Amino acid sequence: MASEKLSVKMFGKFSVKYGEKVLTFGRQGDSKFGQLFQILMTRPGQGFSKRNIAEALYDRDKVEYLNASLNNTIFRLRKYLEASPLPSGEYLILNGGILRFGGDIEIESDVWEFESTAQKFREEQDEQEKAALCEKSSGLYQGEFLPHLSNEQWVIDKSQNYQKLYFEMMEYLFRFLKEEGDYGKLERLSERVIKLYPYEGWESWRIESFVAQNRHEEAGKLYQKTMTNMQKTGCFLSKEGQEQMDKLGGRIYRSEGVEEEIRKYLMEAVETSGAYICTLQSFLDCFRMIKRAMKREAVHFCLLLCTILGSNGQPVNNYKYCEKQEKKLREVFRTHLRLGDIYTKYCEGQYLLLCVGLEKENISEIGGRIDMDFRKRCGGRGGVSCRLMESG
């Protein structure tokens, strides 16, 4: 057996090496014979039915003879392997309609190793061993499965399965590290997951590691960054995830400081004109505070729901359109809302405005100015509906 091995990476990007020699599989990287090789490398040495491979590679509506097309693809892959740096030999073994990748060489596939590790994790009973398998999987999973082929249905199906396994193992590992009190490792490993899947709730684990290590300033910065960016991108956590973030927010404190340091911390980093924009959670706190203040003194406020409208006068359901118009609408708010007013993004296409000290009778005027300015900035198309939800 040759001392060199065939190394195939498919998480994060696609790369193939035999020893130090690179196999490219064509310039485009999406050739059918290249995809056939990738399918076989998800489980090297294991058999795949020709029918399943053909259905994965070809669109039934566009390819009349699936078997003939697959035979041609097998032929092309065989020719490519013969001309590649691999030692001469028979690598594509076809028997009874079952195709597998064989040959007298050692094969290392990150996907196959990941899947095998996940299977061991599910079968293992010892908690320490399960955690070790999860940590190994964390090193193997370097990103989405074959991202350059993300439009291929067979890739989508496998990618979703691998991601599910990855999330399952990371959830177990992080809970284990928390119970063990190993917050240093929890910090490092959660950072890796956050880089792959930002703003999907994994930030809570890193924030928790900071809090447990009394690094409240770092915890506070990450918490604020996470909530702000989720608001901007329209991402929303599950109910459980939101509750977890809320609990963490209540555990973040600052170290003891003198009055000047405290005053500086409370001030805005950069003073801006117009209304104050904040996260949805912060908006909720402000609204509840003002509702309480009403009971003690004559504090007037109006809560408005602003909805982006299309040219037909109906709310827009197009995510990309709403995202594109967001910057324009924020400029409108800065122009027509006052310094003491607050606004936030409720969801894609909808915003909440809290106008403090504004009489109910003036709402239609404010709404009209917002709608007119937004129309101008959008070239006369669409508009904004401003509806009074509550006043006091």
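Our structure's up above, just so we're on the same page.
The following refers to the structure shown. Remember, it's a predicted structure, so these values are computed and weren't measured experimentally.

This part takes up the side chain of Arg206. Looking at the secondary structure, you find Arg206 in helix H8 (residues 203–212). With residues near it in sequence (within four places) discarded, Arg206 still touches Glu187, Ser190, Glu191, Ile194 and Leu222.

Throughout the structure, instances matching the rule amount to 20 salt bridges. In this structure, Glu108 engages Lys5 in a salt bridge whose closest nitrogen and oxygen atoms are separated by 2.9 Å. A residue pair is termed long-range when its members are at least 10 positions apart, and Glu108 in strand E7 (residues 106–109) and Lys5 in strand E1 (residues 5–9) qualify at 103 residues. Judged by its relative accessible area of 27%, Glu108 is partly exposed. Residue Lys5 is classed as partly exposed on the basis of its relative accessible area, which comes to 31%.

With that out of the way, let us pick up the environment of Ile308. Assignment of secondary structure puts Ile308 in strand E9 (residues 301–309). Taking the C-alpha atoms as reference, Ile308 lies 6.5 Å from Gln350; in sequence the two are 42 residues apart. With residues near it in sequence (within four places) discarded, Ile308 still touches Gln314, Pro315, Val316, Tyr321, Cys322, Gln325, Leu329, Gly349, Tyr351, Phe374 and Gly383.

Here we come to the packing of aromatic side chains. For the structure shown, the criterion picks out 25 aromatic pairs. Taking the centre distance of 5.9 Å and the plane angle of 75° together, the rings of Phe145 and Trp154 count as edge-to-face. For the pair shown, Phe145 and Trp154 are each scored as buried. Taken together through their ring pairs, the aromatic side chains of Phe11, Phe114, Tyr141, Phe145, Trp154, Tyr162, Tyr166, Phe167, Phe174, Tyr197, Trp202 and Trp205 make up a single cluster.

Calculation criteria
Residues numbered from 1 in each chain as written. Predicted model: local features only at pLDDT ≥ 70, side-chain atom pairs only at ≥ 80, totals over all residues. Heavy atoms only, no water. Helix = DSSP H or I, 4+ residues; strand = E, 2+ residues; numbered from the N terminus. Contact = heavy atoms within 4.5 Å. Salt bridge = Lys/Arg side-chain N within 4 Å of Asp/Glu carboxyl O. Buried < 20%, exposed > 50% of the residue type's maximum accessible area, 1.4 Å probe, protein only. Phe/Tyr/Trp six-rings, centres within 6.5 Å; stacked < 30°, edge-to-face > 60°.

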